[in-house]
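# Structural features, examined
The lines below spell out each chain.
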Amino acid sequence: MGRILVVEDESAIAELVAINLRHAGHEVTVASDAAQAQLEVDAVLPDLVVLDWMLPGQSGLALARQWRATARTKTMPVIMLTARSEESDMIAGLDAGADDYVAKPFSTQELMARIRAVLRRKAPESLDTPVELGELHLDPATRRVTRRIGEVHHEMRIGPTEFRLLHFLMTHPERVHSRAQLLDRVWGDHVFIEERTVDVHVKRLRDALAAVHCAHLVQTVRGAGYRITDKAGVVSA
Ligand code: CA
């Protein structure tokens, strides 16, 4: 799952794509033109953009080129959508820096498969593999976090940001992560977010973990940042 920006001026198509992506567990934002898309990207760097070629004003193709030429958006995955199915158009789309290209009319299943493939390529550490740390079990596919003691499973209530934070910490245990590193890895980009945002979400994460008696797993390392560990006997600051 990831944060996906859908840039499409035809609201019926945008809505259809958004519904399917949300159903697959993604967080979805929709923009109807290039200017709005740029505002969304400036605010939060998405994990992937579904970008329509034909937009009112600046075209999707021009926007993709612009993103490729900008350091911050250079590697942001882009899948172009278009009604133009000529091979030369496809080549132009890929030349502009699109990672993939889907011609309209498309089946949503095909688009979802292409999105999965691009996300997999960009994130080889498989986002869907369940992770365990001590008694804590996190399943990205179902977005469930449970404390498992034998056959007894206590499910944790957790917000989307805390879930991403916990997922990152659990896949990188024992190491100390600075606030800046966490912003980079969990929020994707920290240009517009203050470091104390991390503290707010770590507190919320600890509160969520406390409900299943696991708050001690997340430790504050004074002057350095945070880490997750299941090594017993250390009390978090
Ligand atoms: Ca369009």
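Below, the structure is looked at part by part. None of the values given here were measured: they were computed from a predicted structure.

The subject of this paragraph is the coordination of the calcium ion. Every protein donor of the calcium ion is accounted for by Asp-9 (OD), Asp-52 (OD) and Met-54 (O), and the metal-donor separations fall at 2.1 to 2.3 Å. Of note, the donors binding the calcium ion are all from one chain and are spaced D-x42-D-x1-M. With Asp-9 in the loop between β1 (3-7) and α1 (11-23) and Asp-52 in strand β3 (residues 48-52), the pair connects residues that are 43 residues apart, well separated along the chain.

Further remarks concern the sheet that holds strand β5 (residues 100-103). Paired through their backbone hydrogen bonds, the strands of a sheet run either parallel or antiparallel. Taken in spatial order, the five strands line up as β2-β1-β3-β4-β5 in an open sheet, and their pairing is parallel. Single-partner strands in this sheet number two, and they are β2 (27-31) and β5. Taking the axes of each pair of neighbouring strands and ignoring which way they run, one obtains an average angle of 20 degrees across the sheet. Where β1 and β2 come together, five bridges link them in parallel fashion. Of the residues in β2, the one forming a bridge with Arg-3 is Glu-27.

A few words now on the packing of helix α7 (residues 179-187) against helix α8 (residues 196-210). For any two helices packed against each other, one specifies the inter-axial angle together with the distance between the axes. Contact geometry for α7 and α8: axes closest at 9 Å, N-to-C directions at 75 degrees. Here α7 is positioned roughly perpendicular relative to α8, judged by the angle of their axes. The segment α7 lies against α8, with Arg-179, Leu-182, Leu-183 and Trp-187 engaging Thr-197, Val-198, Asp-199 and His-201. Its residues placed into classes, the contact of α7 with α8 shows four nonpolar, two polar and two charged.

Reading across the sheet, the four strands line up as β6-β7-β8-β9 and stay open at both edges, with antiparallel pairing between neighbours. Where the open sheet ends on each side, the last strands, each with one partner, are β6 (131-133) and β9 (152-156). Across the sheet, the mean angle from the axis of one strand to that of its neighbour is 25 degrees, orientation sign disregarded. Direction of pairing for strand β7 (residues 136-139) relative to strand β8 (residues 144-149): antiparallel, over a ladder of four bridges. Within β8, the position partnered with His-137 by the bridge is Thr-146. The strands touched by helix α6 (residues 160-171) are β6, β7, β8 and β9; relative to β7, the strand with the most contacts, the crossing angle is about 115 degrees.

Turning our attention to the side chain of Thr-229. Locating Thr-229 in the fold gives a position in the segment after β11 (225-228). When its relative accessible area of 3% is taken as the criterion, Thr-229 is described as buried. A distance of 2.8 Å separates a polar atom in the side chain of Thr-229 from a polar atom in the side chain of Glu-174. Those residues in contact with Thr-229, other than ones at most four positions away along the chain, are Leu-133, Glu-174, Leu-217 and Gln-219.

What counts as what
- Residues numbered from 1 in each chain as written.
- Predicted model: local features only at pLDDT ≥ 70, side-chain atom pairs only at ≥ 80, totals over all residues.
- Heavy atoms only, no water.
- Donors = N, O, S within 2.8 Å, 3.2 Å for Na, K, Ca; no water.
- Helix = DSSP H or I, 4+ residues; strand = E, 2+ residues; numbered from the N terminus.
- Pairing = 2+ DSSP bridges.
- Axes fitted to C-alpha atoms, helices over the stretch in contact; angles between N-to-C directions.
- Parallel < 35°, antiparallel > 145°, perpendicular 65-115°, else oblique.
- Contact = heavy atoms within 4.5 Å.
- Nonpolar A, V, L, I, M, F, W, Y, C, P; charged D, E, K, R; others polar.
- Buried < 20%, exposed > 50% of the residue type's maximum accessible area, 1.4 Å probe, protein only.
- Polar contact = N/O pair within 3.5 Å; in protein donor to acceptor, adjacent residues only side chain to side chain.

Limitation: the analysis is restricted to geometry and does not speak to function.
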